[in-house]
Amino acid sequence: MSASELYNGVANGSRSNGCADSVKTPFLIGVAGGTASGKSTVCKRIMEQLGQADMDHTQRQVVTISQDSFYRELTDAEKARAERGLFNFDHPSAFNEDLMLQTLQDILQGKKVEISEYDYRNNAVCPEKRITIYPADVVLFEGILVFYFPAIRDLFHMKLFVDTDSDTRLARRVPRDINERGRDLEQVLNAYMTFVKPAFEEFCSPTKKFADVVIPRGADNTVAIDLIMHHIIEILHPSGGYNQNGH
Ligand SMILES: Nc1ncnc2c1ncn2[C@@H]1O[C@H](COP(=O)(O)OP(=O)(O)O)[C@@H](O)[C@H]1O
Ligand SMILES: Nc1ccn([C@@H]2O[C@H](COP(=O)(O)O)[C@@H](O)[C@H]2O)c(=O)n1
């Protein structure tokens, strides 16, 4: 039995969207936490344990979407500031809240949606790198501020907060931003002190109180991930029998 068939068995339960019973309403999980706390890695572990990580994306029943795909388009003046490391990408106003809300509402209505990959080197979404998100059973939406906007926060069926200490996060962010996001050491440290750390304290950290489950130490916390997995599997298939390989 596929994860999809398992899901359809509970499609008229608490997640029903009130439409024809063939319409899939996914179980929507928000995954928040500071920069480099391990949000993407936790989502990857959940996908791996549900046997989805190596699957072609058109076949996936569990998908992860990053909030970074919803950074708003910058004005020319903002672009110039961003290139000099003077734009605050950790402030809620850096995101396109309307597009984020509309996309998640469409997903909850079982619609196929298109999102764009984000290009950190150009500080912009890449319109040419569109990803189609097909209707799925479980959708993970991860990002620093996914619990910040009340209308978006209210859409989640489960809210996870990845809680990794700030020294560890900075130690992980520095090499990642240098190796993967085209920054140099001075840029990373300046941005961290000027924008990232203050915005974490003002906007991200206070949203921890909205979480159903706080995951200390991120992906290292295999016990927490196992418990969350069992809960997801129980929701997908209340009577048990899911073998975690999607069958
Ligand atoms: N438990 C861990 N141990 C070691 N490195 C980790 C761990 N979790 C994440 N990382 C690394 O830290 C960086 C940030 O992790 P990531 O999952 O991308 O964080 P986030 O999505 O919260 O920004 C990545 O380079 C990732 O490989
Ligand atoms: N052009 C950009 C856009 C965002 N950032 C930083 O990304 C961080 C969020 O992504 P995580 O994977 O770390 O959660 C955020 O803290 C922004 O500072 C960037 O550097 N450049």
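Note that this is a predicted model, so its numbers are computed, not measured.

1. Digging into the overall build of the chain
Per the secondary structure count, the chain includes eight helices and seven strands. The buried share among the 247 residues of the chain stands at 36%. Within the chain, contacts between residues at least 6 apart in sequence are counted, and of these 75% link residues at least 24 apart.

2. Some words on the pairing of strand β3 (residues 113-119)
Here seven bridges tie β3 to strand β4 (residues 124-133), and the two strands are oriented antiparallel to one another. What sits directly across from Tyr-118, in β4, is Val-125. The hairpin turn running from β3 into β4, its antiparallel successor, is four residues long, and Asn-123 in that turn takes a positive phi close to 55°.

3. Focus on the site of ligand 2
Around ligand 2, the surrounding shell consists of Thr-35, Ala-36, Lys-39, Asp-68, Tyr-71, Phe-89, Asp-90, Tyr-120, Asn-123, Ile-144, Arg-181 and Val-196. Taken together, the residues of the shell around ligand 2 sort by class into six nonpolar, two polar and four charged.

4. Re the nonpolar core
One finds Val-31 and Val-139 to be the most contacted residues of the largest nonpolar core, which totals 51 residues. Dropping the residues within four chain positions of it, Val-31 is found in contact with Lys-39, Val-42, Cys-43, Leu-140, Phe-141, Glu-142, Val-146, Leu-160 and Val-162.

5. Description of the environment of Ser-40
Take Ser-40: it is sitting in helix α2 (residues 39-49). According to the C-beta neighbour criterion, Ser-40 is partly exposed, with 19 such atoms within 10 Å. Linking Ser-40 and Lys-159, residues 119 residues apart in sequence, is a C-alpha distance of 15 Å.

6. Regarding the packing of α2 against helix α8 (residues 222-236)
At a minimum axis distance of 10 Å, the contact between α2 and α8 shows a crossing angle of 50°. Between α2 and α8, the interaxial angle falls into the category oblique. Considering the relative orientation of α2 and α8, their crossing is right-handed. Mapping the contact onto sequence places Val-42, Arg-45, Ile-46 and Gln-49 in α2 and Ile-225, Ile-228 and Met-229 in α8. Residues that form the contact of α2 with α8 fall into these classes: five nonpolar, one polar and one charged.

7. Digging into the site of ligand 1
Taken together, 13 residues sit near ligand 1, with Gly-38, Lys-39, Ser-40, Thr-41 and Arg-172 positioned nearest. For the shell around ligand 1, the secondary-structure elements that each account for two or more residues are α2 and α6 (166-180). When residues in the shell around ligand 1 are grouped by element, the largest group, three residues, is from α2. Residues belonging to the shell around ligand 1 are distributed by class as follows: two nonpolar, seven polar and four charged.

8. Side note on the UniProt feature "domain: Phosphoribulokinase/uridine kinase" (unreviewed entry) in the chain
What UniProt calls "domain: Phosphoribulokinase/uridine kinase" (unreviewed entry) maps, in this numbering, to residues 28-223. The span residues 28-223 shows a helical share of 37% and a strand share of 22%, and its end C-alpha atoms are spaced 21 Å apart.

9. Examining the sheet that holds strand β5 (residues 138-142)
On the basis of which strands lie adjacent, the open sheet formed by five strands has the order β2-β5-β1-β6-β7 and parallel pairing. Every interior strand has two partners, whereas the edge strands, β2 (62-66) and β7 (213-216), have only one. In this sheet, neighbouring strand axes are inclined to one another by 20° on average, regardless of whether the strands run parallel or antiparallel. In this sheet, β5 lies alongside β2 in parallel orientation, the contact comprising five bridges. Along β5, the bridge assignment pairs Thr-64 with Leu-140.

Rules used throughout
Residues numbered from 1 in each chain as written. Chains lettered and ligands numbered in written order. Predicted model: local features only at pLDDT ≥ 70, side-chain atom pairs only at ≥ 80, totals over all residues. Helix = DSSP H or I, 4+ residues; strand = E, 2+ residues; numbered from the N terminus. Buried ≥ 20, exposed ≤ 12 C-beta atoms within 10 Å, placed from the backbone. Contact = placed C-beta atoms within 7 Å. Pairing = 2+ DSSP bridges. Near = placed C-beta within 6 Å. Nonpolar A, V, L, I, M, F, W, Y, C, P; charged D, E, K, R; others polar. Core = buried A, V, L, I, M, F, W, Y, C linked by C-beta atoms within 7 Å. Axes fitted to C-alpha atoms, helices over the stretch in contact; angles between N-to-C directions. Parallel < 35°, antiparallel > 145°, perpendicular 65-115°, else oblique. Left-handed = near helix turned anticlockwise from the far one by under 90°. UniProt positions renumbered as here; feature names shortened; annotations may be inferred.

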